[in-house]
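Reading the structure
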Amino acid sequence: MSRRGDWVYENNGGTCVAIAGADYCVVAADTRLSVGYSILTRDHSKICELADKCVLASSGFQGDIKALHKNLSARELLYQHQHNKRMSCPAMAQLLSNTLYYKRFFPYYAFNVLGGLDSEGKGCVFTYDAVGSYERTGFSAQGTGSTLIMPVLDNQLKSPSPLLLPARDAVTPLSESEAVDLVKDVFASATERDIYTGDKLEIVVINKAGTKREYIDLRKD
């Protein structure tokens, strides 16, 4: 398949997952960066810590992802200087939506999942399309392996429908350690079938104590 000469986007692959619990949030992504059948690096982080107990994981075109992360980090720093406090996770979710929508006619080729804790200390996950439409959910996956991972998360977590009345919390019933184990399992499975996902898994766990990172090895072929 030939590519138009003025086509400026490239999908560098990779998969991102986030799961929100009652008092924690787990955000994970693989570290492979590739183009077609070539692996550019096996050790590239797709996760960026943006605000207070709030991290963003992005998959798509690496140039746009870097530009988006730098833009959001700069805006958060301005907010910090103006208000003498760090931006909350729901505020950052709205800022990310506005930033993506502002570029809707020449969009950032980035598919994002934002995770962290809200002002009440509950886990929250926000999932996006490329032009800023977003939704708060209990879990989400983005990237080349998302079609393999989302059916497993749907089956295991069964997040309540937002149409249910009365409204119920969109958080998962798992404990923190169970959520981390589930993330490891779904990535191990997706790596078997998706050539753009692999090498290492970076897991970020956010809770009231702070943020901690963990790395595990995935398939390298």
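Predicted model, so just to flag it, every value in this text is computed and none were measured.

Attention now goes to the overall build of the protein chain. A tally of regular secondary structure across the protein chain gives four helices and twelve strands. Against the 2.2 N^0.38 benchmark of 17 Å for 221 residues, the protein chain shows a C-alpha radius of gyration of 17 Å, consistent with a compact globule. Expressed along its principal axes, the backbone C-alpha trace of the protein chain runs to roughly 50 × 40 × 35 Å. Evaluated residue by residue, the protein chain yields a buried proportion of 46% over its 221 residues. Restricting the contact set of the protein chain to residue pairs at least 6 apart, pairs at least 24 apart contribute 63%. Put simply, the protein chain has 25 plus and 26 minus side-chain charges, and the middle of one group is 4 Å from the middle of the other.

A separate point is the sheet that holds strand β12 (residues 210–217). Read from one edge to the other, the open sheet built from five strands follows the order β10-β1-β2-β11-β12, with strand pairing classed as antiparallel. Only two strands of the sheet have a single neighbouring strand rather than two, namely β10 (139–143) and β12. When the angles between neighbouring strand axes are averaged without regard to direction, this sheet yields 15 degrees. Where strand β2 (residues 24–30) and strand β11 (residues 200–207) come together, seven bridges link them in antiparallel fashion. Bridge assignment links Cys25 to a residue of β11, and that residue is Ile206. Strands in contact with helix α3 (residues 146–157) are β1 (15–20) and β10; relative to β10, the strand with the most contacts, it is inclined by about 170 degrees. Against the sheet, helix α4 (residues 176–193) makes contact with β1, β2, β11 and β12, and its axis sits at roughly 20 degrees relative to β2, the strand it touches most.

Criteria and thresholds
Residues numbered from 1 in each chain as written. Predicted model: local features only at pLDDT ≥ 70, side-chain atom pairs only at ≥ 80, totals over all residues. Heavy atoms only, no water. Helix = DSSP H or I, 4+ residues; strand = E, 2+ residues; numbered from the N terminus. Rg over C-alpha atoms; globule rule 2.2 N^0.38 Å. Buried < 20%, exposed > 50% of the residue type's maximum accessible area, 1.4 Å probe, protein only. Contact = heavy atoms within 4.5 Å. Lys, Arg positive; Asp, Glu negative; His and termini not counted. Charge placed at Lys NZ, Arg CZ, Asp CG, Glu CD. Pairing = 2+ DSSP bridges. Axes fitted to C-alpha atoms, helices over the stretch in contact; angles between N-to-C directions.

Any functional reading would require information that these geometric values do not contain.
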